[in-house]
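Here is what each chain is made of, one letter per residue.
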Amino acid sequence: MCASVSSTWSAARGGDPLSQRRDRPTRAASPVGTVPRGPPPPNRLRRVDRWLAYEGRTVLRHAPRPVVVDLGYGAAAWTSRDLRDRLARVRPDVEVIGIEIDPVRVTAAQPYADATLSFRRGGFEVPLDGESPVIIRAFNVLRQYDHSEVTDAWQRMSSRLAPGGLLVEGTERIVFT
């Protein structure tokens, strides 16, 4: 089994989209996006999480309050939990917020919440009540969208990042041999 991964950093590493920030809404009228399909197995995103812990270590270590978003965590809360556990090795006080558009999934995740892991309803608007995450991981979310909608989603997510923040968006595709 091997995975093919594509990722985007802050809308393609071209200029710094964060330097052209717009006013940030604290809440959208309704979450922006659509419900993704089923749950991944536990540890499916472990390689991406380990990469994030390495590549994101500087931004995590220097953040006054290290808030990380797992956008579109899916039908199971373990992707957010696994992300928190891996990033906590770099920054023990990291707070991971799982954001999901489906209210049923948000309700189902609540028993797993604790002081460093929480869940809320939302989408690409990244509803954090005025806070800015240092990392947003949106994995296996945009694969269900038309290509013409992707740039807007990247811009929405990037506009919510803290200065120097990291957006990691991609789709993993499992190839069985």
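Residues numbered from 1 in each chain as written. Predicted model: local features only at pLDDT ≥ 70, side-chain atom pairs only at ≥ 80, totals over all residues. Heavy atoms only, no water.

Peer 1: Now, about the sheet that holds strand E6 (residues 166-170): what can you tell me, with residues and values included?
Peer 2: Reading across the sheet, the 5 strands line up as E4-E3-E2-E5-E6 and stay open at both edges, with parallel pairing between neighbours. A single partner strand is all that each edge strand has here, and the edge strands are strand E4 (117-121) and E6. Here the average twist between neighbouring strands, direction ignored, is 15°. As defined by bridge partners, strand E5 (residues 135-139) adjoins E6 across 5 bridges and the pair is classed as parallel. Residue pairing across strands places Ile 136 opposite Leu 167, the latter belonging to E6. Running at roughly 160° to E5, helix H1 (residues 46-55) makes contact with E5 and E6 of the sheet. (Pairing = 2+ DSSP bridges. Helix = DSSP H or I, 4+ residues; strand = E, 2+ residues; numbered from the N terminus. Axes fitted to C-alpha atoms, helices over the stretch in contact; angles between N-to-C directions. Contact = heavy atoms within 4.5 Å.)

Peer 1: Kindly report on the environment of Ala 153, identifying the contributing residues and their values.
Peer 2: Mapped onto the fold, Ala 153 is located in helix H5 (residues 147-160). Along the primary structure Ala 153 and Glu 125 are separated by 28 residues, whereas in three dimensions their C-alpha atoms are 8.5 Å apart. Those residues in contact with Ala 153 that lie beyond four places of it in its chain are Phe 124 and Leu 142.

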